[in-house]
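# A closer look at the structure
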Amino acid sequence: MFLDVLRRRNPAFLETAAALHQEGRLPANCYLLDLDAIHANAAVLRREGERLGLELLAMTKQVGRAPGFIQAIRAGGITSGVAVDMTDARAIHASGLTVGHLGHLVQVPQGEAATAAALAPANWTVFSYDKAKEAAAVSHDQALLLRIQAAGDVFYEGHEGGFDAGQVVEEAEAVDALDGVHFAGITTFPALLYDPESQEVSPTPNLTTLERAAEALRAAGYSRLRINAPGTTSTAVLRLLADHGATQVEPGHGLTGTTPLHAVRDLDELPAVCYLTEVSHLHGAHAYAFGGGLYVDPVLPAYPLRALVLEEPALDDAQLFDASIPPASAIDYYGQLAYGERPPRTGASVIFGFRMQAFVTRAYVAGISGVASGNPQVAGIWTRDGKDVRWP
């Protein structure tokens, strides 16, 4: 779905990708970032966030914590990142971003609590009093967010957990009584979800849980609350989140123009990422393209996958093929392209457009700048955890 949007809204990026690949300057099995577009996306998100009084924390794991990505969003005015886990936190800290939020999607393991404290996270989320005690034992006045939940809240499978929202005042007081930490606010995930039938983003029951918990906390005297409300974040939903009391938001795919809403509507953010690979060989009626990054984030219902094949760096000459990728139970050594009567040549550039999660793959991540100016440069090629790659 995102390939169609890329072809229409950022065609120069795709042509540049093919040109640099065919010049031997970009590898196959590569998530490619348009850093200028990401810079612009960060700036538009920051401006809208500031207008609404929202603090922005950038999620970076979906692009493998790529240094060029982090530099682009910093240039756009976003200076704090949210860490999905401790590996992410270390990479964010090393990049020069503030560790704005730690412990939400993945709690901090007990043996790494002291390391987490040394990173000085602005916000550290805990799911239980036991985890709050672990943070307190290694910290000095650490701000804690309580992940809360109530009956009817929704979670992705394996993400469940949190304090009972009905007891949030008592839990906040118990955390405040610990030496080394203080209660700072509440959080949930996901606060918003995309509905494929209506093609709209709507609040989840979790967001109502946050609102009710915030009311109870304010009535108990907690007047300066941090209300962290991540999920499906773009400029199009910031007003909705602010109206529901959020004070912190966490754009991730919004920075690359790949939230579900971007697939069906032209938003302020430009699509700024593709998956670049190449034809390895032919077999039967299929061309086989190198894999390694063929993990399609299943945030949207299943849809027919297609790939663009360019033997020359011009979209006018490109072929669009139906594509299939191995199921999650198999290793994605190759993707298959059904080519019909005109087989592509070995080494031809292949471009997919889908929602990426680089940190769970074995793909490269690369950044290019200068697409709009016609003077493109490869800004860097990195591993999935943000380390420089000497390539080729």
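Calculation notes
- Residues numbered from 1 in each chain as written.
- Predicted model: local features only at pLDDT ≥ 70, side-chain atom pairs only at ≥ 80, totals over all residues.
- Heavy atoms only, no water.
- Buried < 20%, exposed > 50% of the residue type's maximum accessible area, 1.4 Å probe, protein only.
- Helix = DSSP H or I, 4+ residues; strand = E, 2+ residues; numbered from the N terminus.
- Salt bridge = Lys/Arg side-chain N within 4 Å of Asp/Glu carboxyl O.
- Expected span 1.5 Å × (residues − 1).
- Arc of directions from axis to C-beta.
- Axes fitted to C-alpha atoms, helices over the stretch in contact; angles between N-to-C directions.
- Parallel < 35°, antiparallel > 145°, perpendicular 65-115°, else oblique.
- Left-handed = near helix turned anticlockwise from the far one by under 90°.
- Contact = heavy atoms within 4.5 Å.
- Nonpolar A, V, L, I, M, F, W, Y, C, P; charged D, E, K, R; others polar.
- Phe/Tyr/Trp six-rings, centres within 6.5 Å; stacked < 30°, edge-to-face > 60°.
- Lys, Arg positive; Asp, Glu negative; His and termini not counted.
- Polar contact = N/O pair within 3.5 Å; in protein donor to acceptor, adjacent residues only side chain to side chain.

All right, on to helix α4 (residues 67-75) then. Every buried residue belonging to α4 is among Gly-68, Phe-69, Ile-70, Ala-72 and Ile-73, and all of these are buried. Looking one or two places after α4, you find Gly-77, whose phi comes out positive at around 105°.

Moving on, we come to the pattern of salt bridges. Oppositely charged side chains are able to pair whenever their charged atoms sit close together. In this structure the tally under the stated criterion is 14 salt bridges. Put simply, Arg-306 and Asp-4 hold a salt bridge, and the shortest N to O gap is 2.8 Å. With Arg-306 in strand β16 (residues 305-310) and Asp-4 in helix α1 (residues 2-9), the pair connects residues that are 302 residues apart, well separated along the chain. Taking the relative accessible area as the measure of exposure, Asp-4 reaches 37% and is therefore partly exposed.

What follows covers helix α9 (residues 205-219). The end-to-end C-alpha separation of α9 is 22 Å, in line with the 21 Å expected for 15 residues at 1.5 Å each. All buried positions along α9 are accounted for by Asn-206, Leu-207, Thr-209, Leu-210, Ala-213, Ala-214 and Leu-217. The arc enclosing the buried residues of α9, seen along the axis, measures out at 150°, which places them on a common side. More than 90 degrees from the buried face of α9, the exposed residues found are Arg-212, Glu-215 and Ala-219. Two residues or fewer after α9 comes Gly-221, characterised by a positive phi angle close to 105°.

Another aspect to go through is the packing of helix α3 (residues 35-52) against α4. Relative placement of two packed helices is described by the angle separating their axes and the distance separating the axes. Running from amino to carboxyl end, α3 crosses α4 at an angle of 40°, the nearest separation of the two axes being 7 Å. As the angle between them shows, α3 and α4 are arranged oblique. As for how α3 packs across α4, the hand of that crossing is right-handed. Seen from α3, the contacting residues are Leu-35, Ile-38, His-39 and Ala-42; seen from α4, they are Gly-68, Phe-69, Ala-72, Ile-73 and Ala-75. Per-class residue counts for the contact of α3 with α4 are seven nonpolar, two polar and no charged.

Here we come to the packing of aromatic side chains. In total, this model carries eight aromatic pairs according to the counting rule given. Aromatic pair Tyr-31 and Tyr-275: ring centres 5.3 Å apart, planes at 55°, arrangement tilted. Of the two residues, Tyr-31 sits in strand β1 (residues 30-34) while Tyr-275 sits in strand β14 (residues 273-283), which places them 244 residues apart along the sequence. The class for Tyr-275 is buried, based on a relative accessible area of 1%. Look at Tyr-156 and Phe-189: their rings are 5.7 Å apart centre to centre, the planes differ by 40°, and that puts the pair in the tilted class. One end of the pair, Tyr-156, is in the loop between β7 (142-149) and β8 (163-164); the other, Phe-189, is in the loop between β9 (181-187) and β10 (192-195), and 33 residues separate them in sequence. Joined through ring pairs, the aromatic side chains of Tyr-31, Tyr-275, Phe-352 and Phe-354 make up one cluster.

Structurally, Asp-34 is set in strand β1. The side chain of Asp-34 sits in the buried core without any salt bridge; Arg-9 is the nearest counter-charge, 11 Å away. Polar side-chain contacts of Asp-34 include one of 3.1 Å to the side chain of Asn-10. Look past the residues within four positions of Asp-34 in its chain and what remains in contact with it is Asn-10, Phe-13, Ala-272, Ile-368 and Val-371.

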